[in-house]
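Here's the letter readout for the chains.
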Number of protein chains: 2
Amino acid sequence: MAQLSDSIEHFIKDLMTEDAHVELRRNELAQHFGCAPSQINYVLATRFSVDHGYIIESRRGGGGYVRIVRMQTRGESNLLNILLNRVGNSVDEETAVAIISNLRERDMVTDSEAALMRAAVSRNALALPISAKDVLRAAVFRNMLVQVFKNIEEGKRHDV
Amino acid sequence: MAQLSDSIEHFIKDLMTEDAHVELRRNELAQHFGCAPSQINYVLATRFSVDHGYIIESRRGGGGYVRIVRMQTRGESNLLNILLNRVGNSVDEETAVAIISNLRERDMVTDSEAALMRAAVSRNALALPISAKDVLRAAVFRNMLVQVFKNIEEGKRHDV
DNA sequence: TTCTATTGACCATCTTTGACTATTATAGCG
DNA sequence: CGCTATAATAGTCAAAGATGGTCAATAGAA
């Protein structure tokens, strides 16, 4: 069944056969397919999620865009999902630190990056008068994990 | 998608590759880009703020000008204190992002590190059912700032 | 029925413009 | 020379324009 969503999905994937990322105008794409703009979001959410190995970035306003970035196609994208799952909605510092060490051992982050991540999830960073520290840490950490994997795919690790 | 604002930003930064400051006529620049003069102010406000590491000086009337100066600091430990102070107990995302881009421009963090930091302070990371997001962001961010400087100190930036 | 897909109304964010304001230099006047 | 009018600049701010995001209701497929 050539659903609209499927067509849009294939259209985008065709655009990505060369490059690991595309940038497009949500409204243009919607117009091209004669559908509501929010349909594009639906496709992105259901077919280009982190689980599927993609990351979406976007910007509103004049000159706005939606960028779709493909992450690993091999075992590691699976690793990201495992880690995100492990983290879930709440992690303690010990676990987070362990995961970071693991990423370092796999050489997926540099020493500096690992240190930065530890800084962000440390007790100290989250020493606030709120009780949900683990929840918070998980939210921050998840975001950073996704970022790490995106960097790897974009080949941005060996910069400067 | 070279936005007008982006073009103007790059134009100005190109002018500054040599010198740490440029002086220009607002109206001339606006005419060069075929836009309203106030557009220039918009670019200055959004891309050349103090948090981005620039200072704007200007003068009206005949022979008026706009001068853009890249801030310089004596020694990095001093900068750390300035930034920690700036962050204080609460920062909004915009400011945090500006500071991160400032660190990047000074080549004090790599692209990956900057991206990690952005991930940690993003709205998304802190999308929690608590109201004190800015406070929280400040806490996380302060910790990362300290770490950045520590990384530099330890000479660990130029890692594989 | 239940899961997936579509749409539309309403929201958030970023950019660009224009009308109005503020400041400074200079030419002309007394 | 001192004052004033005018011209030449730049600044502010709010409105309009240009995008994209969310979510709940509805429709369609399995």
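Scroll up to find the structure this text is about.
Per chain, the residues get numbers from 1 upward, laid out in the order the sequence is written. The order in which chains are written sets their letters, starting at A; the order in which ligands are written sets their numbers, starting at 1. Local features are withheld for residues below a pLDDT of 70 in this predicted model, meaning they are given only at 70 or higher, and side-chain atom pairs are given and counted only at 80 or more; totals for whole chains, interfaces and linings count all residues. Excluding hydrogens and water, the side-chain values take into account all heavy atoms of the structure.

A.B. asks: Any chance you could explain the environment of B:S38 here in plain terms?
C.D. replies: For B:S38, the position within the fold is in helix α3 (residues 37-47). C-alpha separation for the pair B:S38 and B:F11, spaced 27 residues apart in sequence, amounts to 16 Å. Strands are runs of DSSP state E lasting at least 2 residues, helices are runs of H or I lasting at least 4, and numbering of each runs from the N terminus.

A.B. asks: Got a minute to help me understand the layout of surface pockets in this structure?
C.D. replies: Where empty space is left can be seen by rolling a probe of water-molecule size over the atoms. Residues and elements named next belong to chain B. Cavities and pockets are defined on a 1 Å grid built over the protein atoms alone: a cavity is a set of grid points where a 1.4 Å probe fits but cannot escape, while a pocket is an open set with protein on both sides within 12 Å along at least five of seven lines, and lining residues are those with an atom within 4 Å of any such point. Grid points are joined across faces, edges and corners, and a volume is the space filled by probe spheres set on the points. When its volume is computed, the second largest pocket comes out at roughly 260 Å³. Forming the boundary of the second largest pocket are 15 residues, of which R26, N27, R59, Y65 and V66 lie nearest the centre. Looking at the lining of the second largest pocket, the elements with two or more residues in it are α2 (26-32), α3, β2 (54-59) and β3 (65-70). Gly falls in the polar group here, along with every residue not listed as nonpolar (Ala, Val, Leu, Ile, Met, Phe, Trp, Tyr, Cys, Pro) or charged (Asp, Glu, Lys, Arg). Looking at the lining of the second largest pocket residue by residue, the classes come out as five nonpolar, six polar and four charged.

A.B. asks: Which parts of the structure should I look at to understand the protein's contact with DNA strand D?
C.D. replies: Each residue is tested against the molecule or strand, and it is near if at least one of its non-hydrogen atoms lies within 4 Å. In the neighbourhood of DNA strand D, 28 residues make up the surrounding shell, with A:R25, A:R26, A:N41, A:R60 and B:R60 lying closest. Each atom of DNA strand D within 4 Å of the protein was classed as base or backbone; sugar and phosphate made up 65%. Between A:R60 and DNA strand D, the recorded distance is 2.8 Å, taken from a side-chain N or O atom to a sugar or linking oxygen. In this structure, a phosphate oxygen belonging to DNA strand D sits 3.0 Å away from a main-chain N or O atom of B:N27. Breaking the surface near DNA strand D down by element, the ones donating at least two residues are α2 (26-32), α3 (37-47), β2 (54-59) and β3 (65-70) of chain A together with α2, α3 and β2 of chain B. Across the surface near DNA strand D, the residue classes break down as four nonpolar, 16 polar and eight charged. Pairs of N or O atoms are called polar contacts if they sit within 3.5 Å, as long as, within protein, a hydrogen donor faces a hydrogen acceptor (for residues adjacent in sequence, only side-chain-to-side-chain pairs).

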